[in-house]
Amino acid sequence: MKIAYLIVRILLGALFLFSSVVVLFNLVPQPETTGDLKIFNDGIKASGYLMTLIKVTELVVAIAFLSGRFVPLASIVIAPIAINILFVHLTIAPEGIPVGIFVVVANAFLAYVNWNVYKPLFVPVNK
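Bear in mind the structure is a predicted one, so any value in this text is a computation, not a measurement. (Residues numbered from 1 in each chain as written. Predicted model: local features only at pLDDT ≥ 70, side-chain atom pairs only at ≥ 80, totals over all residues. Heavy atoms only, no water.)

Among the structural elements, S20 can be located in helix α1 (residues 2–24). For S20, the side chain forms a polar contact with the main-chain oxygen of F16, separated by 2.9 Å. Leave out the neighbours within four places in its chain, and S20 touches K55, E58 and L59. (Helix = DSSP H or I, 4+ residues; strand = E, 2+ residues; numbered from the N terminus. Polar contact = N/O pair within 3.5 Å; in protein donor to acceptor, adjacent residues only side chain to side chain. Contact = heavy atoms within 4.5 Å.)

On to the layout of surface pockets. A volume near 1,200 Å³ is recorded for the largest pocket. As for the largest pocket, its lining consists of 35 residues, of which V23, Q30, N41, K55 and H89 are closest to the centre. Looking at the lining of the largest pocket, the elements with two or more residues in it are α1, α2 (35–46), α3 (50–67), α4 (71–91) and α5 (97–113). A per-element tally of the lining of the largest pocket places α2 first, with seven residues. (1 Å grid on protein atoms, 1.4 Å probe; cavity = no way out; pocket = protein on both sides within 12 Å on 5 of 7 lines; lining within 4 Å. Points joined across faces, edges and corners; volume = space filled by probe spheres on them.)

As a further point, take the pattern of salt bridges. A side chain of one charge can pair with a side chain of the opposite charge if their charged atoms are brought near each other. Overall, the coordinates contain two salt bridges when judged by the stated rule. Between D42 and K38 there is a salt bridge, and its shortest N-O distance comes to 3.2 Å. Pair noted here: D42 and K38 are both in helix α2, with a separation of four residues, about one helical turn. D42 sits in the partly exposed class, given a relative accessible area of 35%. In this structure K38 comes out as partly exposed when scored by relative accessible area, which is 32%. (Salt bridge = Lys/Arg side-chain N within 4 Å of Asp/Glu carboxyl O. Buried < 20%, exposed > 50% of the residue type's maximum accessible area, 1.4 Å probe, protein only.)

What follows is the structure, encoded as structure tokens:
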């Protein structure tokens, strides 16, 4: 289990590192999109901050995954982005479904391995 955890953590960290650095530093021209995906991307860009926030979050999470520090916290932080990646590909860009599935399943696996860290979050507190 430790080897699988290490492999998944590094692969997911590398994926987020690559995708965030490429966009943040404009290293590769972005492919031209059409249809609903273009509308979606234009909306994110029109906000002026959302794409940067997403990519900086991905970069911080990638560093956490690759370094092995704060992995349970990073897994929680990236969960909404991972779910959004999957649903964007399921609904408007089906060619990326395998990547979306990998991101969600890999993050769920990291959460499963770290379940003992999350258990206290699910204990009801009566005050």
